[in-house]
Amino acid sequence: MASQVARKSGKGPCDAHHSKGILHEILCKEHPREMDVQRYPPNCSVGSGGCSCVDGRRVVLKTPEVTCKRASEVLLKTSTFIRNLPSFYHMPWEDQAALIQQNWAPLFVLGLAQEGVDFELREISAPSLLKKILLNQSPTACDEPGGSSLGAPLAAVQKMKNLLWKLWDLDLSAKEYAYLKGIILFNSGRHVLKCLPYVQTLQQEAQEALLEFISMMFNSRLDRFAWILQLLTSLRDIDADVIEELFFRSILGEVTINELLLEVLYISITCSHAKFNHIISTEHFYNCLELSYVFGA
């Protein structure tokens, strides 16, 4: 069969083998394709059932040195906000840990909005299945431990960027951000807390304070309050894994933000300080989290 194909094409078996060798060489030299990602408008629907142009595409930060530094600063300010709430430390540490695990991601995104942190993306492409087969690579090599990162899903990242644009359009004040952070932090969600009524009361107080502030400053514009509450629902849907992959994977490695915040906030009694020594000492952590100061405080 191969000889028939070769005769039809006017090439001998050696020529066909040589072509395969050239293809293999090209694939070996090929690097993942990278391109800048255009800025989609806030009303662009992405993800499942949305804009098919972003489904399956993965991205990394275009300027990670600058953006990761600003993201680290936001994370530090988020931890400072939590540490400065006496009501938070009146709860058992198990409740504190549960609230941080569930709510650090929306708190972080809210911090990005308050600090005006925008970021550009660069698309990367995964090696094709054909390339992996020809190079004798495992089809799931990039998903295995130690495999190279393929970035974050564009659909999830664009969803976060759209949410940031909506928050900026509202031009929230510092007090509105503070009340929103309180509503988010004291959201028990699906967790069974020891002090659930206390947590629910704190969240209700924050929500009432936000409503009172909006009524006073915006002439009882309840539509603004309703719009903000709607954005809160979107904030809670933010994927924490996407944030870690996009902003912190190159800094923290396998350490999760949840573990880091628990350690910084003196909540975790099982985590060892030693496991974070490489974070404290490494220069590329940008000194933004100032962990050495926090641990010595």
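Here, every reference points to the structure presented above.
Predicted model only: the values in this text are computed from it and were never measured.

Enquirer: Looking at this model, I keep getting lost on the packing of helix α8 (residues 174-185) against helix α10 (residues 222-236). Mind explaining?
Expert: Between two packed helices, the angle of one axis relative to the other and the distance separating the axes together describe the packing. Two elements in contact, α8 and α10, have axes whose closest approach is 11 Å; the angle formed by their N-to-C orientations is 50 degrees. By the angle between their directions, the pair α8 and α10 is classed as oblique. Of the two elements, α8 crosses α10, and the hand of that crossing is right-handed. Counting all contacts with α8, which are made through Glu-176, Leu-180, Ile-183 and Ile-184, the residues of α10 involved are Arg-224, Ile-228, Leu-232, Leu-235 and Arg-236. When its residues are assigned to classes, the contact of α8 with α10 shows six nonpolar, no polar and three charged.

Enquirer: What exactly am I supposed to notice about the pairing of strand β2 (residues 58-61) here?
Expert: One face of the sheet, then the other: side chains in a regular strand alternate in exactly this way. Here β2 runs beside strand β3 (residues 121-124); their pairing, made up of four bridges, is antiparallel. Bridge pairing in β3 places Val-59 opposite Glu-123. Pairing geometry for β2 and strand β4 (residues 152-153), over two bridges, is antiparallel. Within β4, the position partnered with Arg-58 by the bridge is Pro-153.

Enquirer: How should the environment of Ala-209 be read in this particular structure?
Expert: Along the polypeptide, Ala-209 turns up in helix α9 (residues 196-217). For Ala-209, a relative accessible area of 22% corresponds to the partly exposed category.

Enquirer: Sorry if this is basic, but what is going on with the packing of α8 against α9 here?
Expert: Relative orientation of the contacting elements α8 and α9 amounts to 155 degrees, with a least axis distance of 8 Å. Comparing their axes, α9 and α8 come out roughly antiparallel. The handedness of the crossing between α8 and α9 comes out as left-handed. Across the interface between the two elements, Lys-175, Glu-176, Tyr-179, Leu-180, Gly-182 and Ile-183 of α8 pack against Gln-203, Ala-206, Gln-207, Ala-209, Leu-210, Phe-213 and Ile-214 of α9. Here the contact of α8 with α9 is composed, by residue class, of eight nonpolar, three polar and two charged.

Parameters and conventions
Residues numbered from 1 in each chain as written. Predicted model: local features only at pLDDT ≥ 70, side-chain atom pairs only at ≥ 80, totals over all residues. Heavy atoms only, no water. Axes fitted to C-alpha atoms, helices over the stretch in contact; angles between N-to-C directions. Helix = DSSP H or I, 4+ residues; strand = E, 2+ residues; numbered from the N terminus. Parallel < 35°, antiparallel > 145°, perpendicular 65-115°, else oblique. Left-handed = near helix turned anticlockwise from the far one by under 90°. Contact = heavy atoms within 4.5 Å. Nonpolar A, V, L, I, M, F, W, Y, C, P; charged D, E, K, R; others polar. Pairing = 2+ DSSP bridges. Buried < 20%, exposed > 50% of the residue type's maximum accessible area, 1.4 Å probe, protein only.

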